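Structural overview for review
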Amino acid sequence: MSCVLPTHENCELISDPTPIGSIEKYQIVIHDTVPADKVAGITMAAMQWVKTTNGRVTYEIDFAHFDVTKIPPVGQVWVYLTTPDPNGKAIGMTTWWNADLRGHPGRSRIWIDSTLSEHMNFLVALHEFGHSLGLPHSDDANEPSIMIHYITDVGNSPTCYDHKEICKMWNCNLDCDQ
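Reference entry: report on the structure contained in this document.

1. Let's talk about the environment of Gly106
Looking at where Gly106 falls in the secondary structure, it is placed in the loop between strand E6 (90–97) and strand E7 (107–113). We classify Gly106 as buried; its relative accessible area is 0%. For the pair Gly106 and Val77, spaced 29 residues apart in the sequence, the C-alpha separation amounts to 8.8 Å.

Take a look at the structure:
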């Protein structure tokens, strides 16, 4: 979840740890109501994780209409925009199901606040795609991370800390060039 405020009690990661086979190529399905200016940030965020994992994780991107209350099929990440959280606490959330023994989610559903600027939309998507790959929130205040429990501007890609954390899970090169 991407939170507005840096307080832990406002955030939680919901998961169902049912083991399944590991997925390395996901199909991102972007809801057909997402406007083009937001699609760009979402796809750029996903591609940053492909780069960060050195291609260990890949995505195929598609557009479709889907029922946002349903659970995506295995291998899919559904992304949609919605109205802001009425409590004003969350600006994005990832729900994922069926993690394998290494913590790789089998399917995910991401929602992002529809009122965000293009840049904030990108940062929230970058954070939420990290969750969709199995990363939890980072609690290390000494390490810059897109996975901190509130959104901070870390630039246009996951940080070196994020790179190392995702590569521990996905068995990619731990060296980062940042």
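2. Description of the nonpolar core
By size, the foremost hydrophobic cluster in this structure holds 35 residues, and its most contacted members are Trp49, Tyr59, Val79, Ile112 and Phe129. Elements with a contribution of two residues or more to this core: strand E3 (25–31), helix H1 (36–52), strand E5 (76–82), E7, helix H2 (118–132) and helix H3 (160–170). If sequence neighbours within four positions are ignored, Phe129 has contacts with Ile28, Ile42, Ala45, Ala46, Trp49, Tyr59, Val77, Val79 and Ile110. Counting residues in hydrophobic clusters, the runner-up holds 7 residues, among them Phe66, Trp78, Tyr80 and Trp111.

3. A look at unusual backbone geometry
What is expected of a backbone is that most residues other than glycine have negative phi and most peptide bonds are trans. The backbone of Asn54 sits at a positive phi, close to 55°, despite the residue not being glycine. Judged by relative accessible area, Asn54 falls into the partly exposed class, the value being 47%. Even without being glycine, Asn171 reaches a positive phi, approximately 55°. Counting through the fold element by element, Asn171 comes out in the segment after H3.

4. What about the environment of Ile30?
With respect to the helices and strands, Ile30 occurs in strand E3. A C-alpha to C-alpha distance of 6.4 Å links Ile30 and Ala64, two positions 34 residues apart in sequence. When neighbours within four sequence positions are excluded, Ile30 is seen to be in contact with Val39, Ile42, Thr43, Ile61, Asp62, Phe63, Ala64, Phe66 and Val79.

5. Observations concerning the packing of aromatic side chains
Applying the stated criterion across every chain, the model contains 5 aromatic pairs. Between Tyr26 and Tyr59 the ring centres are 6.2 Å apart and the planes differ by 40°, which places this aromatic pair in the tilted class. One end of the pair, Tyr26, is in strand E3; the other, Tyr59, is in strand E4 (residues 58–64), with 33 residues separating them in the sequence. Tyr59 shares its class with Tyr26; the two are buried. Aromatic side chains Tyr26 and Trp170 sit 6.4 Å apart centroid to centroid with 70° between the ring planes, which places their arrangement in the edge-to-face category. You can see Tyr26 sitting in strand E3 and its partner Trp170 sitting in helix H3, a full 144 residues away along the chain. Each of the two residues, Tyr26 as well as Trp170, counts as buried. An aromatic cluster is defined as three or more aromatic residues linked by ring pairs; in this entry it consists of Tyr26, Tyr59, Phe129 and Trp170.

6. Some words on H3
Buried residues of H3: Tyr161, Asp162, His163, Ile166, Cys167, Met169 and Trp170, and no others. At its buried positions, H3 is contacted by E3 and H1.

Reading guide: rules and limits
Residues numbered from 1 in each chain as written. Predicted model: local features only at pLDDT ≥ 70, side-chain atom pairs only at ≥ 80, totals over all residues. Heavy atoms only, no water. Helix = DSSP H or I, 4+ residues; strand = E, 2+ residues; numbered from the N terminus. Buried < 20%, exposed > 50% of the residue type's maximum accessible area, 1.4 Å probe, protein only. Core = buried A, V, L, I, M, F, W, Y, C linked by side-chain atoms within 4.5 Å. Contact = heavy atoms within 4.5 Å. Phe/Tyr/Trp six-rings, centres within 6.5 Å; stacked < 30°, edge-to-face > 60°.

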